[in-house]
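# Geometric and topological summary
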Amino acid sequence: MTFQNLIQQIDSGNFAPLYYLHGVEGYFIDKVVAKLEEKVLSPSEAAFNKEVYYGSETQLAKVLNACQSFPVMANRRLILVKEAQQVSKKEWDRLSSYLKAPIPTSTLVIAFKGRNAGLPKAIAAGKHPSVVEYHAKKLYENDIQKWVSTLLQEKGVESEPGIPAILTSNLGTNISLIDNELDKMLIYLKATNQQVLRKDFVFEMINVDKEFNVFELIQALSIKNRYRAHMIIDRLTQNTKINPPVLTLSALFRFFDNLALVHSHKLRDPNSIKHQLKVNYYAARDYSAAKEKYSLGQTYRNIRLIQEADQALKGIVSTQMGERHLLKTLVWELVR
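Residues numbered from 1 in each chain as written. Predicted model: local features only at pLDDT ≥ 70, side-chain atom pairs only at ≥ 80, totals over all residues. Heavy atoms only, no water.

This paragraph deals with the overall build of the protein chain. Within the protein chain, the regular secondary structure consists of 18 helices and 7 strands. Viewed in the frame of its principal axes, the protein chain has a C-alpha envelope of about 70 × 50 × 40 Å. Taken across its 336 residues, the protein chain has 48% of its residues classed as buried. As displayed, the protein chain has an accessible area near 17,200 Å², and 50% of this comes from carbon and sulfur atoms. (Helix = DSSP H or I, 4+ residues; strand = E, 2+ residues; numbered from the N terminus. Buried < 20%, exposed > 50% of the residue type's maximum accessible area, 1.4 Å probe, protein only. Areas by Shrake-Rupley, 256 points an atom, 1.4 Å probe, with all protein chains shown as cover.)

Next comes the structure, spelled out in structure tokens:
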């Protein structure tokens, strides 16, 4: 089941007796849990019918007792087990029998962030007809950009092209961070009666210089504009708290990794690149330009250089260079 389908199902009031939420993208698991807390019970009903358990402190004998209790002045009870990945396998075994036949007047929500090792087979397999299973898979940059576009559409916000790419290039793939920043922007837009989310405004809100940022650095590298690339990396590295080197390296790696795919699939025009890599047209245009500037061998070399810089940055290999010197040297090598 997809995230959107699950949210729609909950909004419609169609509640299951058992929800098994699992996966590495905790943001979506938290969103589903919040939606269930909002919709299953009214505030007055929740006072007597909602119970929340957390992680390693959870005693599943108490969870079982809560599930088997009758609702008080409500149609159902809501029992939440949050951070369920911290519950021991021995504890889960206490709940095995109940999971085979959950009570219809209780809604048990198991929010398990990570892999499902340790859970009873009956629920881990997601085979029982009463189980609603949602797997929050890790999202990559292209997926997150689609998610941002969909989120803006759902909120009824018109935006200039390229904004999802700007957000992922400068904020990384932290979905919670991107969502929080978008909320701030939309609050400001509403307060100032603005109808369009513009690039300049986005750069300003995420505290990024619109002329000197990772997004612009990649565009300069794509056409081997050495002067502009060096100017941008010089500005970026003047304040590594605002522009964390790890995000810069991550964006550079994704760019050249995707460029390797462009070469291997023998893609030429921006439209074919856009559809194959599932990126926006502006990013596809950068890849198309970069393909003419970097051979496949040079692309692989650059990937290796970025990986070496990442290892030096993390202290895996020793270096005498500081963060700023390391990144400036890397950009110098990338455009050789």
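There is more to say after this.
Below, the discussion takes up the nonpolar core. By size, the foremost hydrophobic cluster in this structure holds 49 residues, and its most contacted members are Y19, L167 and L197. Leave out the neighbours within four places in its chain, and Y19 touches L6, Q9, I10, N14, L36, T107, L108, V109, I110 and V132. The next biggest cluster of nonpolar side chains, apart from the first, holds 38 residues, and it includes V214, L217, L221 and L236. (Core = buried A, V, L, I, M, F, W, Y, C linked by side-chain atoms within 4.5 Å. Contact = heavy atoms within 4.5 Å.)

Moving on: the confidence of the model for the protein chain. Mean pLDDT for the protein chain: 87, with 95% of residues reaching 70 or above. Across the protein chain, strand 3 (residues 77-82) holds the top mean pLDDT of 95, while helix 7 (residues 121-124) sits lowest at 58. (pLDDT = per-residue confidence, 0-100.)

So, on to the pattern of salt bridges. By the definition in use, this model includes 18 salt bridges. With its nearest N and O atoms 3.6 Å apart, the salt bridge here joins D179 to K31. In this pair, D179 is assigned in helix 10 (residues 175-191) and K31 in helix 2 (residues 26-39), connecting sequence segments 148 residues apart. Overall, the relative accessible area of 6% leaves D179 in the buried class. Among the ionic pairs, K50 bridges to E37, the shortest N-O distance being 2.7 Å. Taken together, the residues K50 in strand 2 (residues 50-54) and E37 in helix 2 connect sequence positions 13 residues apart. Classification of K50 as partly exposed rests on a relative accessible area of 30%. The exposure class assigned to E37 is partly exposed, which follows from its relative accessible area of 23%. Each of D11, K35, E38 and K39 takes part in salt bridges that share partners, so that together they form one network. (Salt bridge = Lys/Arg side-chain N within 4 Å of Asp/Glu carboxyl O.)

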